[in-house]
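Listed below, chain by chain, are the residues.
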Amino acid sequence: MKAKNSSSRIGEIVAEMSSITEFAEGSIVSSSSYYTTKDGKRHKTRPQFKFQSRGGRGRQKLRHIPAALVPQVRRLIENGRRLEKLGAEYKALMTEESIERLKKNGRRRLTLPRPRLVCVLALLDEYERMGKDERKRELPRFDGRLRDAVTDDMAAYVGEVMSSVAFRGGRKGVHGVRTVQELSSFGWTEVRYPYRRGTNDRPDFRGAFGIERKMTPCASETVSRLAVQLGSFKEARDALALLGCGRMSVSKVRDETLVTGGRILEEQRKPPKDVRRYTEAQTQTPEGGRAVRRTLVVMADGTNAPCVKKDTKGVRGKNGDEAHSRQLRVMNFFEYCNVDGEGTPVPIRGSFSYAVTDGEIAEATGLLKVQGVARGSGTVPRMQCVADGEEALEKALRDAFPFAEFTNDVMHACGYLSACCQALGIASPAKEYATCRRIMFRHGAGSAVDRIRRLYTEELEASKEAGAALDYLDKRRENMRYGWLRRNGYCISSSHVEAAARILVARRCKQAGMHWRHHNAACVCAIIARLRSAA
């Protein structure tokens, strides 16, 4: 009953304190003097009133007050004295309530404090006291100031809730109360917790609220999300301050982002089950299209991120020179069960998921396999792997999914076909390329290769470049049966993973002047991949 009365009284005190919006600390002193008139009579002058207060370093300050304003100033002084008494009583009751929480040893039901909108009420009182002209100037700023007031009140309330939980444990050996600052989604807040001398234990409330590195999980997610979606860590810091999420250094934003990205890279290796179910609206056949067997598609590609010399030293680029970037492997999964009128697969909305790794091709193989198993590669009616002509990547996909249909990207095939036609030295290479391209789309790369070998035997012997480009297509003719693939409703292009490489890596890591540590670039891209993966 005593605790209930104490909590009720605390609420009354806070309400009364928030209602006192004007007060003064000091006192009024008055002084009079005497003067003598010509007839010898002594008269007393009207009293002069002064407001007496303490300035800096305790120095006394006096300020003249007109007699007409003395009653109002006296009311302000009374408000100040009342506010001081209420503050002392509030401290005493809060101390008593905190000790009572410790004594109860957490046996009672969790009771949390109720929010007190002190800043909001003060703002409303301020606007009510404004004059007509001042209110006209300030009303356009009302919503912004209200946002800041609500943020301040909620930040204080989060601290009160955390403090309430911190004192619930009630362990023995408490020697005092300490205060720390933690970053919540409303900004920095102060948290009180019981202190035990001689121990370096982590405060209990941090484990209860999942606080790591002085941030709540929600605050950490906000920081890392802004850091990867905006242009730089500095922009993320400025956006956090603008949104009322607290002020912090650029290095703090960077460190939190890299820690989050590193955790996501580790979680990618052990993904949870992600076999998705879709509604009828998601799997509805488009007008003019047709339904096909549900297919899980995996695409993989490599892209480069500009890196510092410490990570590129001793690494050779494509031309044999020292590299200025390092490779990141990007992979994505999606499903479809319909094709449009031209035979192009229509991905199911909400079926995409992405992953990124900075490891070697062996690590990429393992990551592809575990991600595919999580997406249900063993339960789907059919599966397809699509990539460019990189042999290491093809081997990784075949090792991970030996039962899947493997396809080389048609645009890469067209590039080699065009290079071959240009290097033949014939009269109209563009016309020949257009003809072979139609044949390749209708039948496959093998038919186009056979045509060129039949018609341009001498030209192929004379041009090593043309022969090399044609050999590239001939070697992969089984992966380029585009006519059969289109008739059976398969993908022939890796455009989805090409777009993923731009979104996950290029847009954030390839801006002008940027140079990354290789692993740090992977951490940032992993966060973007997690955000882009629709679950």
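Our subject is the structure that appears above.
Everything numeric here is computed off the predicted structure, so don't read it as measured data.

Q: When you look at the overall build of the protein chain in this model, what are you seeing that I'm missing?
A: Per the secondary structure count, the protein chain includes 20 helices and 13 strands. Here the C-alpha radius of gyration of the protein chain, 37 Å, is well above what a compact globule of 535 residues would show, namely 24 Å. Dimensions of the protein chain along its principal axes, counting C-alpha atoms only, are 140 × 65 × 55 Å. Out of the 535 residues in the protein chain, the part that is buried amounts to 41%.

Q: It is not clear to me how the packing of aromatic side chains should be interpreted in this structure. Could you clarify?
A: To describe a pair of aromatic rings, you give the distance between the ring centres and the angle between the ring planes. Under the definition given, this model contains eight aromatic pairs. Centroid distance tyrosine 127 to phenylalanine 142: 5.2 Å. Interplanar angle 90°. Geometry classified as edge-to-face. Residue tyrosine 127 is found in helix H3 (residues 118-129), and its partner phenylalanine 142 is found in helix H5 (residues 142-166); the two are separated by 15 residues along the sequence. Overall, the relative accessible area of 7% leaves tyrosine 127 in the buried class. Residue phenylalanine 142 is classed as partly exposed on the basis of its relative accessible area of 26%.

Q: Is there a simple way to think about helix H15 (residues 445-455) in this case?
A: Since there are 3.6 residues in each turn of an α-helix, residues three or four apart along the chain are aligned in direction. By the burial criterion, the buried members of H15 are Ala445, Gly446, Ala448, Val449, Arg451 and Ile452. Looking at the buried side of H15, the elements it contacts are helix H13 (410-423), helix H14 (429-442), helix H16 (457-462) and helix H17 (464-475).

Q: Before we go on, may I ask you to explain the sheet that holds strand S5 (residues 60-65) in this structure?
A: The three strands lie next to each other as S1-S4-S5, forming an open sheet whose pairing is antiparallel. Two strands close off the open sheet at either side, each with one partner strand: strand S1 (27-31) and S5. Neighbour-to-neighbour, the strand axes of this sheet turn through a mean angle of 35°, independent of strand direction. Here five bridges tie S1 to strand S4 (residues 48-54), and the two strands are oriented antiparallel to one another. Across the sheet, the residue bridging to valine 29 is lysine 50, located in S4.

Q: Whenever I open this one, helix H20 (residues 518-532) confuses me. Can you help?
A: The end-to-end C-alpha distance of H20 is 21 Å, a good match for the 21 Å that 15 residues give at a rise of 1.5 Å each. Counting buried residues in H20 gives eleven out of 15 residues, a clear majority hidden from the surface. For H20, the set of buried residues is His518, Asn520, Ala521, Ala522, Cys523, Val524, Cys525, Ala526, Ile527, Ile528 and Ala529.

Q: Even after reading the chapter, I still don't get the layout of surface pockets, so can you show me in this structure?
A: One water molecule sets the probe size; rolling that probe over the atoms shows where empty space is left. Estimated volume of the second largest pocket: approximately 590 Å³. Lining the second largest pocket are 25 residues; nearest its centre among them are Asn304, Lys318, Ser325, Arg326 and Gln327. When residues of the lining of the second largest pocket are traced back to their parent elements, those giving at least two are strand S8 (290-306) and strand S9 (325-339). Counted by class, the lining of the second largest pocket contains four nonpolar, ten polar and eleven charged residues.

Q: When you look at the packing of H15 against H17 in this model, what are you seeing that I'm missing?
A: Each pair of packed helices can be described by the angle between their axes along with the distance between the axes. Viewed as axis vectors pointing N to C, H15 and H17 meet at an angle of 140°, and their least axial separation amounts to 9 Å. The pairing of H15 with H17 is recorded here as oblique in orientation. H17 is crossed by H15, and the crossing has left-handed handedness. Mapping the contact onto sequence places Val449, Ile452 and Arg453 in H15 and Leu470, Asp471, Leu473 and Asp474 in H17. Split into classes, the residues belonging to the contact of H15 with H17 amount to four nonpolar, no polar and three charged.

Q: I keep staring at a nonpolar patch on the surface and nothing clicks. Help me out?
A: Judged by side-chain polarity, Leu117, Leu121 and Leu124 come together as a nonpolar surface patch covering roughly 220 Å² of accessible area. You can see leucine 117 is positioned in the loop between helix H2 (70-104) and H3. Overall, leucine 117 belongs to the partly exposed group, its relative accessible area being 38%.

Q: In this structure, what is going on with the nonpolar core? I would like to understand it.
A: As a rule of thumb, soluble globular proteins bury nonpolar side chains together. In this structure, Val253, Leu328, Met440, Ile452, Tyr482, Leu504 and Val505 are the most contacted members of the largest nonpolar core, which totals 75 residues. Looking at this core, the element that brings in the most residues is H20, giving nine residues. Sequence-distant contacts of isoleucine 452, defined by excluding residues within four places in its chain, comprise Leu417, Cys420, Cys421, Leu424, Glu432, Cys436, Thr457, Leu460 and Leu470. Counting 19 residues, the second largest nonpolar core, distinct from the first, contains Phe333, Val380, Ala396 and Ala404.

Q: What should I look at first to understand empty space enclosed by the protein in this one?
A: Evaluated as defined, the whole model comprises four cavities of 30 Å³ or more. Listed by contribution, the elements that provide at least two residues to the lining of the second largest cavity are helix H9 (250-268), strand S11 (353-357) and helix H11 (361-374). Counted by class, the lining of the second largest cavity contains three nonpolar, two polar and three charged residues.

Q: Mind showing me how you'd approach the side chain of threonine 151 here?
A: Along the chain, the position of threonine 151 falls in helix H5. On the basis of relative accessibility, which here comes to 13%, the residue threonine 151 falls in the buried class.

Q: What am I meant to see in the pairing of strand S6 (residues 176-184) here?
A: Regular strands place side chains that alternate from one sheet face to the opposite one. Pairing analysis gives nine bridges linking S6 to strand S7 (residues 187-195), with the strands arranged antiparallel. Along S7, the bridge assignment pairs glutamine 181 with glutamate 190. Connecting S6 to the next strand, S7, in antiparallel fashion are two residues.

Q: In this structure, what is going on with the pairing of S8? I would like to understand it.
A: Two elements, S8 and S9, share 14 bridges in a ladder whose sense is antiparallel. Bridge pairing links leucine 296 to glutamate 335 in S9. Inspection of the sheet shows S8 paired to strand S12 (residues 382-387) by five bridges, in the parallel sense. Within S12, the position partnered with valine 297 by the bridge is glutamine 384.

Definitions and cut-offs
Residues numbered from 1 in each chain as written. Predicted model: local features only at pLDDT ≥ 70, side-chain atom pairs only at ≥ 80, totals over all residues. Heavy atoms only, no water. Helix = DSSP H or I, 4+ residues; strand = E, 2+ residues; numbered from the N terminus. Rg over C-alpha atoms; globule rule 2.2 N^0.38 Å. Buried < 20%, exposed > 50% of the residue type's maximum accessible area, 1.4 Å probe, protein only. Phe/Tyr/Trp six-rings, centres within 6.5 Å; stacked < 30°, edge-to-face > 60°. Contact = heavy atoms within 4.5 Å. Pairing = 2+ DSSP bridges. Axes fitted to C-alpha atoms, helices over the stretch in contact; angles between N-to-C directions. Expected span 1.5 Å × (residues − 1). 1 Å grid on protein atoms, 1.4 Å probe; cavity = no way out; pocket = protein on both sides within 12 Å on 5 of 7 lines; lining within 4 Å. Points joined across faces, edges and corners; volume = space filled by probe spheres on them. Nonpolar A, V, L, I, M, F, W, Y, C, P; charged D, E, K, R; others polar. Parallel < 35°, antiparallel > 145°, perpendicular 65-115°, else oblique. Left-handed = near helix turned anticlockwise from the far one by under 90°. Patch = residues over 30% accessible without salt bridge, like charges linked within 9 Å, V, L, I, M, F, W, Y side chains within 5 Å. Areas by Shrake-Rupley, 256 points an atom, 1.4 Å probe, with all protein chains shown as cover. Salt bridge = Lys/Arg side-chain N within 4 Å of Asp/Glu carboxyl O. Core = buried A, V, L, I, M, F, W, Y, C linked by side-chain atoms within 4.5 Å.

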